[in-house]
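Residue-level listing of the chains:
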Amino acid sequence: MSSEPGGAPVPAAAVGPDTFCYDMAYGRADTPFVRWARGLGCRDAVPGWGMLVEQAAESFRLWRGVRPLTAPLRKDSHLVVLYGNLAPEGAVAKITGQEGERFSGRARVFEGEEA
């Protein structure tokens, strides 16, 4: 158990502008440790999503013999906002396998994931 106020895992004096803080836990929002470290002005503080993904990929490699890609394929994660006759009020789409800003031709529209 920590002697730091609030039960911090390390002394506040150990965190500064040159400190990188990595929390092994993860969740939908920043963890209390990540918020605490950022509040102390650390260089960067990140939750454990990266470790979770890399460990899962390595486990998959051990079981299946193939290691999945873990780096983002694109900075924008293939999400684009659509406007036009198919989405007059706007829509978000995940575009994969095609590069470019504009596309023309016939579009297939699905109401769900079933083809």
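Chemist: Honestly, the overall build of the protein chain in this entry has me stumped. Any pointers?
Modeler: In terms of regular secondary structure, the protein chain is built from two helices and four strands. Ordering the α and β elements of the protein chain from the N terminus gives β-α-β-α-β-β. Classification of the 115 residues of the protein chain by burial places 16% in the buried group. Sequence-distant contacts in the protein chain: of pairs separated by 6 or more residues, those separated by 24 or more amount to 34%. When the accessible area of the protein chain is evaluated, it comes to approximately 9800 Å², of which 56% is carbon and sulfur surface.

Chemist: Where do I start with the pattern of salt bridges in this structure?
Modeler: Should their charged atoms come close, side chains of opposite charge can pair. If you walk through the whole model with that rule in mind, you get four salt bridges. Between Asp30 and Arg38 there is a salt bridge; the shortest N-O distance is 2.4 Å. According to the relative accessible area criterion, Asp30 is partly exposed, its value standing at 31%. Take Arg38: its relative accessible area is 40%, and that puts it in the partly exposed class.

Chemist: What is the right way to look at helix 1 (residues 32-39) in this model?
Modeler: Each α-helix winds once per 3.6 residues, and so residues spaced three or four apart point in a common direction. All buried positions along helix 1 are accounted for by Phe33, Val34 and Ala37. Each buried residue of helix 1 sits inside an arc of 100° when the element is viewed along its axis, so together they form one side. For helix 1, the exposed residues set more than 90 degrees away from the buried face come down to Pro32 and Gly39. Tucked inside the fold, the buried residues of helix 1 contact strand 1 (20-22) and strand 2 (44-46). Remark: Gly41 follows helix 1 within two positions and exhibits a positive phi of approximately 85°.

Chemist: Can you walk me through the environment of Val92 in this structure?
Modeler: Tracing the chain through its elements places Val92 in strand 4 (residues 91-94). Residue Val92 is classed as exposed on the basis of its relative accessible area, which comes to 62%.

Chemist: In this structure, what is going on with the nonpolar core? I would like to understand it.
Modeler: Counting residues in each nonpolar core, the largest one holds seven residues, listed as Val15, Cys21, Phe33, Val34, Ala37, Cys42 and Ala45. Ranked by the residues each element gives to this core, the list is headed by helix 1, at three residues. Discounting chain neighbours no more than four positions away, the residues touching Ala45 are Cys21, Val34, Ala37 and Arg38.

Calculation notes
- Residues numbered from 1 in each chain as written.
- Predicted model: local features only at pLDDT ≥ 70, side-chain atom pairs only at ≥ 80, totals over all residues.
- Heavy atoms only, no water.
- Helix = DSSP H or I, 4+ residues; strand = E, 2+ residues; numbered from the N terminus.
- Buried < 20%, exposed > 50% of the residue type's maximum accessible area, 1.4 Å probe, protein only.
- Contact = heavy atoms within 4.5 Å.
- Areas by Shrake-Rupley, 256 points an atom, 1.4 Å probe, with all protein chains shown as cover.
- Salt bridge = Lys/Arg side-chain N within 4 Å of Asp/Glu carboxyl O.
- Arc of directions from axis to C-beta.
- Core = buried A, V, L, I, M, F, W, Y, C linked by side-chain atoms within 4.5 Å.

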